[in-house]
Amino acid sequence: MAMNRTDALASVHIDAHAHLDEYPDTWLGAVLNQLEEEHIATISVAMAPGAWERALQIQERSPWVVATFGVHPWNAPCYVTQLDELEESLNASPMFGEVGLDFRNVRDAAQFDAQERVLEFFLSAAKEQDKMVNLHTSGAEAEVLELLERYDIRRAIIHGYSGPAEPLRRLVCRGCFFTFGGELLTSDFIRSIASEVPVEQTLTETDNPGGPQWIFGEPAMPDLVKPVVQALAIAHGLDEGDMREHVRQNMLRLIEADDRLGRLRSVLTV
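Because the structure is a prediction, the values reported are computed rather than measured. (Residues numbered from 1 in each chain as written. Predicted model: local features only at pLDDT ≥ 70, side-chain atom pairs only at ≥ 80, totals over all residues. Heavy atoms only, no water.)

A.B. asks: What is the right way to read the pattern of salt bridges from this model?
C.D. replies: Pairing of side chains with opposite charge becomes possible as their charged atoms draw close. The full count for this structure, using the stated rule, is 17 salt bridges. A salt bridge links D152 to K127; its shortest N-O distance comes to 3.2 Å. Taken together, the residues D152 in the loop between α7 (141-150) and β6 (156-159) and K127 in helix α6 (residues 112-129) connect sequence positions 25 residues apart. Ionic pairing is found between D152 and R154, a salt bridge with its closest N-O pair at 3.0 Å. Here R154 falls in the exposed class, since its relative accessible area comes to 53%. What emerges from the salt-bridge pattern is a single network uniting K127, D152, R154 and R174. (Salt bridge = Lys/Arg side-chain N within 4 Å of Asp/Glu carboxyl O. Helix = DSSP H or I, 4+ residues; strand = E, 2+ residues; numbered from the N terminus. Buried < 20%, exposed > 50% of the residue type's maximum accessible area, 1.4 Å probe, protein only.)

What follows is the structure in structure tokens.
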């Protein structure tokens with residue numbers, strides 16, 4: 001029996017934060033086939049300009065992939081003196097990510113200034129160009145919140161939040177959206193955070209392939225998003241299909257009428 005439009009929409013999954021550029025070529029064909037077969041719309045964030053270039057090449061191979069440009073806080077010291085050279089990529093990217101601050105995993109406080117300067121460069125562009133940001137906040141949740149307020153950023157995805165309750169409450173009140181991934185399957189703390197975030201502001205991610213490598217000891221395929229949806233459904237007391245549909249609608253609401261993200265909208269509404 002052919003799948004009707006309602007069934008097709010109900011089967012769409014969202015991976016709002018992955019690093020498809022980090023998959024080796026030997027994996028990539030199977031990864032892209034799974035995105036197509038399982039209807040997994042994937043935002044492939046970049047940690048550096050080279051990652052963005054590879055993500056653009058991958059995007060050409062699948063309508064289910066949206067490549068975005070960013071400089072990860074771990075890489076900020078390498079690019080803080082080269083920001084003018086990033087303008088072309090900045091203008092071309094439909095949203096920005098992965099960008100942010102990391103004061104937990106980066107122990108050298110001398111790098112924090114470079115992180116903040118790079119993040120402010122992206123937030124200033126996001127404000128000027130009215131683009132969404134995909135944010136890393138590890139150990140710097142309050143500082144990221146302050147910068148979001150300073151630059152009046154209204155469309156933000158908070159990737160894998162694991163911080164204290166007060167910045168979380170304020171980020172929720174600000175209307176930020178939050179991704180949950182593999183840690184939801186292993187951590188009671190992350191499950192408690194998921195239960196605090198309103199379902200209307202919840203998204204799914206995999207952080208593939210490096211995130212699962214860190215959590216489970218090996219990289220994962222895109223269908224990791226399925227047990228994540230199941231775990232979120234349990235956290236919110238919902239049916240799995242209803243949870244998946246909430247995530248799809250949340251992403252559509254976050255996109256709004258942004259034509260630069262029409263590629264993503266097209267796979268969420270076909």
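There's plenty left to go through after this.
A.B. asks: Sorry if this is basic, but what is going on with the layout of surface pockets here?
C.D. replies: As a volume, the largest pocket reaches approximately 690 Å³. Along the walls of the largest pocket sit 31 residues, with H136, H159, E183, D207 and W214 positioned nearest its centre. Per-element tally for the lining of the largest pocket: the top contributor is helix α10 (residues 210-216), with 5 residues. Class assignment of the residues belonging to the lining of the largest pocket gives a composition of 9 nonpolar, 15 polar and 7 charged. (1 Å grid on protein atoms, 1.4 Å probe; cavity = no way out; pocket = protein on both sides within 12 Å on 5 of 7 lines; lining within 4 Å. Points joined across faces, edges and corners; volume = space filled by probe spheres on them. Nonpolar A, V, L, I, M, F, W, Y, C, P; charged D, E, K, R; others polar.)

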